[in-house]
Amino acid sequence: NMKQSYIMMNPNGEIIKPENNSYKVLGSVLMDDIQSMVDGLDLDIAEYNRLAAQKDIGPIMAHSPYTLNPCAARPDIREFTINTMKDDLARLKDIPGVLYNFHPGSHVGPGPEEGIRLIAESLNEILTEDTNPKILLETMSGKGSEVGRTFEELKQIMDMVELKDKLGVCMD
């Protein structure tokens, strides 16, 4: 059972690595909270990268907000998901080796095949050659209309994505 903790910084901007081996930072929903923790520390990405290497911290796996749904039947929800993921990836682009984990979503009616198609379509819109974070599709428990219940479903999504080298899988 892997413990989770947050990376701690003292007022001098020094990163203190707790004894745990896993750190949890959620995406956009908590970005304002995270920003308020580091305001005044004058800590930029280059400095973080230097301190992380010095303190042997990494790699970071950011988790997307749980509210995202790239296979929603409603186009406005898919658009929100795409925009949020693009924003999250832009925030993470300068952190070496960073991973971005997300749940594929729930089709809520149209069926798993259409959900798989919509997820792949969303990822094709999000991913570019310059995308740094590797995007991890996380397995889903399979309740209701969730997509990503099996490795076969995740493979079907990945097979439809053009930039396959930007993808990976996370098993929950």
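Engineer: Requested: an account of the overall build of the protein chain, with residues and values cited.
Structural biologist: A count of helical and extended segments in the protein chain gives 5 helices and 7 strands. Within the protein chain, the fraction of its 172 residues that count as buried is 43%. Of the roughly 9,900 Å² that the protein chain leaves accessible, carbon and sulfur atoms contribute 53%.

Engineer: Residues and numbers for unusual backbone geometry, please.
Structural biologist: In this structure, Val108 is a non-glycine residue whose phi angle is positive, near 45 degrees. Examined against the element boundaries, Val108 turns out to sit in the loop between strand 5 (99-102) and helix 4 (112-126). Of the residues examined, Val108 reaches a relative accessible area of 58% and is grouped as exposed.

Engineer: Quick rundown of the pairing of strand 6 (residues 134-138)? Include the residues and the values.
Structural biologist: With respect to burial, strand 6 is a largely interior element, 4 of its 5 residues being buried. Summarising the sheet, strand 5 and strand 6 pair through 4 bridges and their orientation is parallel. The partner of Asn101 across the bridge, within strand 6, is Leu136. Assessed by its sense of winding, the connection that carries the chain from strand 5 through helix 4 to strand 6 is right-handed.

Engineer: So what's going on with the packing of helix 3 (residues 75-92) against helix 4? Residues and values would help.
Structural biologist: Here helix 3 crosses helix 4 at 40 degrees, and the two axes come no closer than 10 Å. What the angle tells us is that helix 3 and helix 4 run oblique. Like other packed secondary-structure pairs, helix 3 and helix 4 cross with a definite hand, here right-handed. On helix 4, the residues that touch Arg78, Ile82, Met85, Lys86 and Leu89 of helix 3 are Leu118, Ser122, Leu123, Glu125 and Ile126.

Engineer: Let's hear about the side chain of Ser145: which residues, and what values?
Structural biologist: Tracing the sequence through the fold places Ser145 in the loop between strand 6 and helix 5 (151-160). Residue class for Ser145 comes out buried when judged on its relative accessible area of 16%. A polar contact of 3.1 Å, which involves the side chain of Ser145, links it to the backbone nitrogen of Val108. Ser145 has contacts with Gly105, Ser106, His107 and Val108, leaving out every residue within four places of it along the chain.

Engineer: Could you give an account of the pattern of salt bridges, with specific residues and numbers?
Structural biologist: Scanning the model with the defined rule gives 8 salt bridges in all. Where Lys155 meets Asp159, a salt bridge forms, and the shortest distance between an N and an O atom there is 2.8 Å. Taken together, the residues Lys155 and Asp159, both in helix 5 and 4 residues apart, mark about one turn of the helix. Taking the relative accessible area as the measure of exposure, Lys155 reaches 49% and is therefore partly exposed. Here Asp159 falls in the partly exposed class, since its relative accessible area comes to 44%. Each of Glu114, Arg117 and Glu121 takes part in salt bridges that share partners, so that together they form one network.

Engineer: Talk me through helix 2 (residues 45-54); I want residue IDs and the actual numbers.
Structural biologist: Within the span of helix 2, buried status applies to Tyr48, Leu51 and Ala52. Looking straight down helix 2, one finds its buried side chains confined to an arc of 100 degrees; they lie on one side. Relative to its buried face, helix 2 has exposed residues pointing more than 90 degrees away, namely Ala46, Ala53 and Gln54.

Engineer: Would you mind going over the nonpolar core in detail, with residue names and values included?
Structural biologist: In this structure, Tyr100, Leu123, Ile135, Leu137, Ile157 and Leu167 are the most contacted members of the largest nonpolar core, which totals 30 residues. Elements that contribute at least two residues to this core include exactly helix 2, helix 3, strand 5, helix 4, strand 6 and helix 5. Top contributing element to this core by residue count: helix 4, with 6 residues. Ile157 has contacts with Pro104, Ile116, Ile119, Ala120, Leu123, Leu137 and Val147, leaving out every residue within four places of it along the chain.

Rules and cut-offs
Residues numbered from 1 in each chain as written. Predicted model: local features only at pLDDT ≥ 70, side-chain atom pairs only at ≥ 80, totals over all residues. Heavy atoms only, no water. Helix = DSSP H or I, 4+ residues; strand = E, 2+ residues; numbered from the N terminus. Buried < 20%, exposed > 50% of the residue type's maximum accessible area, 1.4 Å probe, protein only. Areas by Shrake-Rupley, 256 points an atom, 1.4 Å probe, with all protein chains shown as cover. Pairing = 2+ DSSP bridges. Right-handed = clockwise from strand over helix to strand, strands pointing away. Axes fitted to C-alpha atoms, helices over the stretch in contact; angles between N-to-C directions. Parallel < 35°, antiparallel > 145°, perpendicular 65-115°, else oblique. Left-handed = near helix turned anticlockwise from the far one by under 90°. Contact = heavy atoms within 4.5 Å. Polar contact = N/O pair within 3.5 Å; in protein donor to acceptor, adjacent residues only side chain to side chain. Salt bridge = Lys/Arg side-chain N within 4 Å of Asp/Glu carboxyl O. Arc of directions from axis to C-beta. Core = buried A, V, L, I, M, F, W, Y, C linked by side-chain atoms within 4.5 Å.

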